[in-house]
Structures are given as structure tokens and as C-alpha cells.
Amino acid sequence: MEKIESASSFSGLIDLAAEKFGGKAVLASDEFFAPKENLLKEGRGIFIPDKFTENGKWMDGWESRRKRTGGHDWCIIKLGVKGIIKGVDIDTNHFLGNHPPYASIEACLVIEEPDTDEFLSNNINWITILPKSPLNPGSQNLFPINTSGNFTHLKLNIYPDGGVARFRIFGEIIPEWKLSKNGELIDLAALINGGRV
């Protein structure tokens, strides 16, 4: 997949996984060095040279252990709002020798929130929206996504392991009108309802 050079290509789009909308990192294969929740924090992540944890160097991002067996690591993200995905940023800021060389992304649409066992089963229809693509260290890795489907969850796959500072999912919100109560006034210009400047 061809990268793009500037995040300005995504201007006018919303980060569908932003914590302020309810975005959440729900499950990861490994988060030994740094927790999955950091992926959705504000900013690009910071580097503090002298900060350590009981497992090693503190890193502001999600970081898994070095793989000793086959396979790869992954993290499942619940979007704060359902939407059409137009682009992603797999930001490896401050991850230099320990960034994953490749990543791919799968997406799905689920009506009711699956439990952990269901996520690990073959019952969810994951669709590849970004094939295995190279990542640069210490960089915003920006990829356009060409899909028209609506999605609620993404799976970030890293090959084989490593650290990602932030994960942004840019797209257009699909409002959930049926969740509104009868007679309830709705702010049609609100961001959460798909309003855009």
C-alpha cells in the first residue's frame, strides 16, 4: 500500500477511535513493555530518557515482547463511533530500533459488543483494509484506506512485534439515529452526529 506524506490529506476527517468519543483498546496479544491503552492517547507520545518500569524502558505507546516463536502481535480497537474509514496513522514516534517493520489492519462491523472469547474465535468476519505494509521507525506512517463499508472495530496487526506510539483512524461518522429516543431533540451539527465544518 502506498503511503502518503502529510496528515493534511486527512483534514476534515474525524479520528473515529478518539477516547473522547469512547474509543477503546479492548484486547492485545501482548503488552509486556507498554499497555495498549496508550495507542489512543492525545498527541504523538513523549520520550523520557531516564524513566523505567519493572519490565524495562518506559515507552509512551503499545509495545510487545520480542517473538520467540512464529506468529505476530495484534491489538483490537473499538471505535468510539461507527464510521467509514478513509485513512490511518500508525505512528512509531520514539520507537526506533524496536518498531515493527510491517503492519496490517483488519476491520469488522458488530452490532453487540463481543466478549474476549468471541474476539478470539472465528465467528467475527474480519475484512483486510490495509494489507501487510512497511513501517518507518520514529514516523507517522500514513495510509489512505479505500473502503465504503461501515466498521465498529479494527485489528492492528504488527509483524512480528514491537512498539507503536499512537494509532489514529480517520473517517466519516455514521450517526446511530435509531439510538435516539422518540421525541428527543438532536443537534444535527454535533460532531458525534456527523456534523462537519
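Everything numeric in this text was worked out from a predicted model, so none of it was measured.

Each value, and the rule that gives it
Residues numbered from 1 in each chain as written. Predicted model: local features only at pLDDT ≥ 70, side-chain atom pairs only at ≥ 80, totals over all residues. Heavy atoms only, no water. Helix = DSSP H or I, 4+ residues; strand = E, 2+ residues; numbered from the N terminus. Rg over C-alpha atoms; globule rule 2.2 N^0.38 Å. Buried < 20%, exposed > 50% of the residue type's maximum accessible area, 1.4 Å probe, protein only. Contact = heavy atoms within 4.5 Å. Areas by Shrake-Rupley, 256 points an atom, 1.4 Å probe, with all protein chains shown as cover. Disulfide = S-S within 2.5 Å. Salt bridge = Lys/Arg side-chain N within 4 Å of Asp/Glu carboxyl O. Phe/Tyr/Trp six-rings, centres within 6.5 Å; stacked < 30°, edge-to-face > 60°. Polar contact = N/O pair within 3.5 Å; in protein donor to acceptor, adjacent residues only side chain to side chain. Core = buried A, V, L, I, M, F, W, Y, C linked by side-chain atoms within 4.5 Å.

### Digging into the overall build of the protein chain
- The secondary structure content of the protein chain amounts to one helix and 12 strands.
- The order of helices and strands in the protein chain, counted from the N terminus, is β-β-β-β-β-β-β-α-β-β-β-β-β.
- Here the protein chain has a C-alpha radius of gyration of 17 Å; the compact-globule value for 197 residues is 16 Å, and the two agree.
- Structurally, the protein chain occupies a C-alpha span of about 55 × 35 × 35 Å along its principal axes.
- Per-residue burial for the protein chain yields a buried fraction of 47% across its 197 residues.
- At a minimum sequence separation of 6, the contacts of the protein chain that also span at least 24 residues come to 81%.
- Accessible surface, the protein chain: about 10,500 Å² in total, of which carbon and sulfur atoms supply 50%.

### Here's the deal with the state of the cysteines
- Throughout the structure, instances matching the rule amount to zero disulfides.
- The thiol sulfur of Cys 75 is not disulfide-bonded, and the nearest other cysteine sulfur, from Cys 108, lies at 13 Å.
- Assessed through its relative accessible area of 1%, Cys 108 is described here as buried.

### Structural notes on the pattern of salt bridges
- For the coordinates displayed, the defined rule picks out 10 salt bridges.
- Residues Asp 60 and Arg 166 are paired through a salt bridge, measuring 3.0 Å at the closest nitrogen-oxygen approach. On the criterion of sequence distance, the pair formed by Asp 60 in the loop between β4 (56-57) and β5 (62-63) and Arg 166 in strand β12 (residues 166-173) is long-range, its members being 106 residues apart. In this structure, Asp 60 and Arg 166 share a single accessibility class: buried.
- Across the salt bridge formed by Glu 113 and Lys 78, the nearest N and O atoms sit 3.9 Å from each other. Separated by 35 residues along the polypeptide, Glu 113 in the loop between β7 (102-108) and α1 (116-120) and Lys 78 in strand β6 (residues 73-91) bring together distant segments of the chain.
- Overall, the relative accessible area of 42% leaves Glu 113 in the partly exposed class.

### Quick word on the packing of aromatic side chains
- Applying the stated rule across the entire model yields two aromatic pairs.
- Centroid distance Phe 10 to Phe 170: 4.9 Å. Interplanar angle 25°. Geometry classified as stacked. Highlighted residues: Phe 10 in the segment before β1 (14-15) and Phe 170 in strand β12, separated in sequence by 160 residues.
- For the pair Phe 32 and Phe 33, a centre-to-centre distance of 5.0 Å together with 85° between the ring planes defines the contact as edge-to-face.

### What to know about the side chain of Asp 91
- Mapping Asp 91 onto the fold places it in strand β6.
- Relative accessible area serves as the criterion here: at 2%, Asp 91 is assigned to the buried category.
- Separated by 2.9 Å, the side chain of Asp 91 and the backbone nitrogen of Asn 93 make a polar contact.
- Setting aside chain neighbours within four positions, we find Asp 91 in contact with Arg 44, Ser 139, Gln 140, Val 164, Ala 165 and Arg 166.

### Examining the nonpolar core
- Residues Ile 85, Ile 90, Ile 105, Leu 154, Phe 167 and Ile 169 are the most contacted members of the largest nonpolar core, which totals 33 residues.
- Per-element tally for this core: the top contributor is β6, with seven residues.
- Here Ile 169 is in contact with Ile 14, Asp 15, Leu 16, Ala 17, Leu 79, Ile 85, Gly 87, Val 88 and Leu 154, once residues within four sequence places are set aside.
- Core analysis: the second largest hydrophobic core is formed by eight residues, Trp 74, Ile 76, Cys 108 and Phe 119 among them.

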